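The lines below spell out each chain.
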Amino acid sequence: MLRFGIALLTLLYLLPLNAHQHPELEWCLDDHPYWHFYPDDGGPYGPTVDLMHTIAEHADIKIRVSPNTPFSRCLHQMKQGQTDLMASLNYSDERARYMHFIPYDEAKPEVIYLLRESADISNWESLTQQRIAVVEDYVYTQELESMLDENALTLIKAATLDDAFAMLLLGKADAMIGPAQSTINVIQHNPRFHQRFKRASYEFQFTHNRSVNLTLSKKSPHQHLLAKLQQAVQQLVESGEVQRFRVDLDAVE
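Considerations on the overall build of the protein chain
Along its length, the protein chain carries ten helices and ten strands. Within the protein chain, the proportion of its 253 residues that are buried is 45%. Within the protein chain, residue pairs in contact and separated by at least 24 positions form 75% of the contacts whose partners lie at least 6 positions apart. Just so you have it, the protein chain exposes about 13900 Å², and 51% of that area is on carbon and sulfur atoms.

This is the structure:
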């Protein structure tokens, strides 16, 4: 009887230890075609999902995927410590107040879209004369945000990229500035937008590169795993393996 009691106590002692060896973190995400698809009738899939599973394997942790959650709500939950991780995020000082940033790729400069029948924009001076739709919750390159603010341009804020493109169609804006990959995704997935827009020939030239990041909430109960996550991501970057999870822009445009 004594042996049984000792064995039971040993088992109860080891259970939380084993659970701690493989902690489970929640990853908050939405449906973001080409990067990660989140269908109504199944779990998420795509390059970002594969990347997150690879990071989890290297960091020796488990990842629990959230329900399909709007991007802005994920940000709110990260701020409140109600979820642990987000991926594919741009850095901002405001976000850095409640997230740890772990860079794993280089972000591409934003692009300008116009109606297909509109005159091209080939220089900055032409752009400054336009009503420009921008996405309210998107974090633009800091250099671009400074350029837009300093020149007091006419900016029209849209809640989403879909709304920004709709403003172009309805004549409420003359141009739209958005992230390179996501603009392609929106056009591809909305039949109303097919063959309606073109990319301006003017391209932004920035002096500083910007990273794409994995983030950990600063209110997450798993703060002690930050170093492991950083090490796992750094190993993937240095080995070049992270490049397997990039989306080929030309293939989907």
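A word on helix H2 (residues 47-59)
Helical periodicity: at 3.6 residues per turn, an α-helix aligns residues three or four positions apart in one direction. For H2, with 13 residues, the first-to-last C-alpha span of 18 Å sits near the 18 Å given by 1.5 Å per residue. Among all positions in H2, only Thr-48, Val-49, Leu-51, Met-52, Thr-54, Ile-55, Ala-56 and Ala-59 are buried. Two residues or fewer after H2 comes Asp-60, characterised by a positive phi angle close to 60°.

A look at the sheet that holds strand E6 (residues 131-135)
Strand order in the open sheet formed by five strands is E7-E6-E8-E5-E9, and the pairing between neighbours is mixed. The open sheet terminates on both sides in strands that have one partner only, identified here as strand E7 (154-158) and strand E9 (197-199). Recorded for the sheet is a direction-independent mean angle of 30° between the axes of neighbouring strands. Inspection of the sheet shows E6 paired to E7 by five bridges, in the parallel sense. Each bridged residue has a counterpart across the sheet, and for Val-135 the counterpart in E7 is Ala-158. Packing against the sheet, helix H7 (residues 161-169) makes contact with strand E5 (111-115), E6, E7, strand E8 (175-178) and E9, and its axis sits at approximately 165° to E8.

Regarding the packing of H2 against helix H9 (residues 226-239)
It is at 9 Å that the axes of H2 and H9 come closest, and there the two elements cross at 115°. Seen along the crossing, H2 lies across H9 with a hand that is right-handed. On H9, the residues touching Leu-51, Thr-54, Ile-55, His-58 and Ala-59 of H2 are Lys-228, Leu-229, Ala-232, Val-233, Gln-235 and Leu-236. Grouping the constituent residues of the contact of H2 with H9 by class yields seven nonpolar, three polar and one charged.

Some points on the nonpolar core
Nonpolar side chains tend to gather and get buried jointly when the protein is soluble and globular. With 37 residues, the main nonpolar core has Ile-112, Phe-165, Ile-177 and Phe-204 as its most contacted residues. At the level of secondary structure, the elements contributing two or more residues to this core comprise E5, helix H5 (124-128), E6, helix H6 (142-150), H7, E8 and helix H8 (180-189). For Phe-165, the contacting residues outside a window of four places in its chain are Tyr-113, Met-176, Thr-183, Val-186, Ile-187, Phe-193 and Phe-197. Counting residues in each nonpolar core, the second largest holds 28 residues, with Trp-27, Tyr-104, Leu-216 and Ala-232 among its members.

Digging into the packing of H7 against H8
It is at 10 Å that the axes of H7 and H8 come closest, and there the two elements cross at 70°. Judged by the inter-axis angle, H7 sits roughly perpendicular to H8. On H8, the residues that touch Leu-161, Asp-162 and Phe-165 of H7 are Ser-182, Thr-183, Val-186 and Ile-187. Tallied by class, residues from the contact of H7 with H8 come to four nonpolar, two polar and one charged.

Regarding the state of the cysteines
Evaluation of the coordinates by the stated rule reveals one disulfide. Here Cys-28 connects covalently by a disulfide to Cys-74, the sulfurs 2.2 Å from one another. Between Cys-28 and Cys-74, the disulfide has an S-S torsion of -80° and is therefore left-handed. With Cys-28 in strand E1 (residues 24-29) and Cys-74 in helix H3 (residues 71-80), this pair connects stretches of sequence that are 46 residues apart. Cys-74 carries the same exposure label as Cys-28, and that label is buried.

Rules and cut-offs
- Residues numbered from 1 in each chain as written.
- Predicted model: local features only at pLDDT ≥ 70, side-chain atom pairs only at ≥ 80, totals over all residues.
- Heavy atoms only, no water.
- Helix = DSSP H or I, 4+ residues; strand = E, 2+ residues; numbered from the N terminus.
- Buried < 20%, exposed > 50% of the residue type's maximum accessible area, 1.4 Å probe, protein only.
- Contact = heavy atoms within 4.5 Å.
- Areas by Shrake-Rupley, 256 points an atom, 1.4 Å probe, with all protein chains shown as cover.
- Expected span 1.5 Å × (residues − 1).
- Pairing = 2+ DSSP bridges.
- Axes fitted to C-alpha atoms, helices over the stretch in contact; angles between N-to-C directions.
- Left-handed = near helix turned anticlockwise from the far one by under 90°.
- Nonpolar A, V, L, I, M, F, W, Y, C, P; charged D, E, K, R; others polar.
- Core = buried A, V, L, I, M, F, W, Y, C linked by side-chain atoms within 4.5 Å.
- Parallel < 35°, antiparallel > 145°, perpendicular 65-115°, else oblique.
- Disulfide = S-S within 2.5 Å.

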